[in-house]
Amino acid sequence: MKVAITTLGCRVNQYESEAMVEKFIKDGYEVTEYDEVSDVYVINTCTVTNMGDKKSRQMIRRARRLNDAAVIAVVGCYAQIAATEVASIDGVDVVLGSRNKGDIVYWVNRYREEKKQVIEVSDVLKNKVFENLNIKEYKDRTRAFVKIQDGCNRFCSYCLIPYARGAVCSKKPEKIVSEVYELAANGFKEILLSGIHIASFGLDLEGGWNLVRVLEEVDKVPGIERIRIGSIDPTFFTEGVIEKIKSFKKLCHHFHLSLQSGCDETLKRMNRHYTAKEYKSVVENIRSNIEGVSITTDVIVGFPGESQEEFDKTYAFLKDLELSKMHIFKYSPRKGTKAAQIKKQIDGNIKEDRSHKLIALNNILEKKHISEFKGKCMNVLYELKSPTSEDEYEGYTDNYIKVMVKAKQNIECEFHITKFIECKDDHLIGEVQEL
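So, here is what we can say about the structure in this document. None of these values were measured; they are calculated from a predicted model. (Residues numbered from 1 in each chain as written. Predicted model: local features only at pLDDT ≥ 70, side-chain atom pairs only at ≥ 80, totals over all residues. Heavy atoms only, no water.)

Considerations on the sheet that holds strand β11 (residues 254-256)
Logical step 1: The three strands are arranged β11-β12-β13 in an open sheet whose pairing can be described as parallel. The outermost strands of the open sheet, each flanked by one partner alone, are β11 and β13 (325-330). Going across the sheet, the axis of each strand differs from the next one's by a mean of 15 degrees, ignoring polarity.
Logical step 2: In this structure, strand β12 (residues 294-301) lies alongside β13, joined through six bridges in parallel fashion. (Pairing = 2+ DSSP bridges. Helix = DSSP H or I, 4+ residues; strand = E, 2+ residues; numbered from the N terminus. Axes fitted to C-alpha atoms, helices over the stretch in contact; angles between N-to-C directions.)

Here we look at the packing of aromatic side chains
Logical step 1: With the rule as written, the count across this model stands at twelve aromatic pairs.
Logical step 2: Measuring from centroid to centroid gives 5.3 Å for F303 and Y331, while their planes differ by 75 degrees, and the two rings are edge-to-face. A residue pair is termed long-range when its members are at least 10 positions apart, and F303 in the loop between β12 and α12 (308-321) and Y331 in the loop between β13 and α13 (348-371) qualify at 28 residues.
Logical step 3: A relative accessible area of 5% means that Y331 is categorised as buried.
Logical step 4: A network of ring pairs unites the aromatic residues Y158, F303 and Y331 as a single cluster. (Phe/Tyr/Trp six-rings, centres within 6.5 Å; stacked < 30°, edge-to-face > 60°. Buried < 20%, exposed > 50% of the residue type's maximum accessible area, 1.4 Å probe, protein only.)

Some remarks on the side chain of K250
Logical step 1: The topology assignment puts K250 in the loop between α9 (239-245) and β11.
Logical step 2: Comment: no salt bridge for buried K250; closest opposite-charge side chain is D219, at 5.7 Å.
Logical step 3: Only 2.6 Å separates the side chain of K250 from the backbone oxygen of V221, close enough to count as a polar contact.
Logical step 4: Not counting residues up to four positions away in its chain, the partners in contact with K250 are D219, K220, V221, P222, I224, E225, R226 and I227. (Lys, Arg positive; Asp, Glu negative; His and termini not counted. Salt bridge = Lys/Arg side-chain N within 4 Å of Asp/Glu carboxyl O. Polar contact = N/O pair within 3.5 Å; in protein donor to acceptor, adjacent residues only side chain to side chain. Contact = heavy atoms within 4.5 Å.)

Some remarks on a negative patch on the surface
Logical step 1: Among the surface-exposed residues, E30, E33, D35 and E36 lie close enough to one another that they form a single negatively charged patch.
Logical step 2: Tracing the sequence through the fold places E30 in strand β2 (residues 30-31). (Patch = residues over 30% accessible without salt bridge, like charges linked within 9 Å, V, L, I, M, F, W, Y side chains within 5 Å. Areas by Shrake-Rupley, 256 points an atom, 1.4 Å probe, with all protein chains shown as cover. Charge placed at Lys NZ, Arg CZ, Asp CG, Glu CD.)

Comments concerning a positive patch on the surface
Logical step 1: A cluster of basic side chains, namely K54, R61, R62 and R65, defines a positive patch on the protein surface.
Logical step 2: Looking at where R61 falls in the secondary structure, it is placed in helix α2 (residues 50-66).

Digging into the pairing of strand β18 (residues 428-432)
Logical step 1: The element β18 is extensively covered by neighbouring structure, given that four of its five residues are classed as buried.
Logical step 2: Relative to β18, strand β16 (residues 402-406) runs parallel, the two sharing two bridges. Each bridged residue has a counterpart across the sheet, and for V403 the counterpart in β18 is L428.
Logical step 3: Pairing geometry for strand β17 (residues 414-423) and β18, over five bridges, is antiparallel.

Topic: the pairing of β16
Logical step 1: Here strand β15 (residues 392-396) runs beside β16; their pairing, made up of five bridges, is antiparallel. Along β16, the bridge assignment pairs E394 with M404.
Logical step 2: Counted along the chain from β15 to the antiparallel partner β16, the turn is five residues long, and its residue Y400 has a positive phi close to 65 degrees.

Here it is, written out as structure tokens:
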């Protein structure tokens, strides 16, 4: 039997898809690409935006066109939020919620035997047990994801994730460390600790565990040379935390701190738990303690009630702060959230205009940040060969700047000291020094 899995959304979804792939392989399935004819199609869905729901439905229809007799399983956040809606889509055979993915093979096989639609969606607001989906094998041999946390207790006014993912659940620390040791033994050199709200790690555990303690333990694992952490709430970075983590030798000098808006009035309507001034203070404190750090962020434009004055405050704030990279999103109303009920929704043309302005600002700031490293030498982990050139390789610095080099020998999955000789818009051109 052949199975194909497609993944929409965040890194946690990517991690969970890899874990589902392993379960299918263990059961004797052959994994194929999603655009090939397969016996089973799994759509791991996202519901952060309306577009996520739309893409999920498109992937369902594509699977049915490829093989009308295939088993189609829809899992994840969209299935969790709208199980009845998903189940009513023509051709959907299995519907599993965001914390039911571990049983994917069982339910697919059961449907194949009984030919009765399966809907298994647990109440994530009550289920506070971490679902252990572990990965032992990766296609990518340089960087591995390790999911350490699920759920969110923040309830930002625009977000469905707490309803789709449930309350904060943390993976047991000993299981995290064990998984990292196993990944190191399998040749991985870089890991990324991921979660839905990883700053909340440990809130549900006894023994005083938190993200800092996990980083401290993982930092000791031999064979792992880099540790990254996924998107994180800026309130995590207290002075005490910064003082502690700056001593960790393997922690990468790149942090993605969610901002969403540089205007306090907008932040308050979003139910974010900081002010623009507090965010700026965190950024300045990190920069003053960690040399060469890159700080990236997310920004939402066109949030309900965002006046021109409020947008101008955000623009001025970001221009002054000069972050390394900004990901710009146009607000998308989600049914069931408080933000969707705000009467003053912003016109789509205004959202588009504001988005273009911030993207243009980002292009300027990103190039400025990258150009600061021209002429310097840094250690780069080369991850893959260019699909367009046999002797060109792509890698990343520890502060997550993309680097392109030419090399006569294969340098995939290798660290090399590289001198940066030219700055492009979104990456550096380098020369490997010791080859």
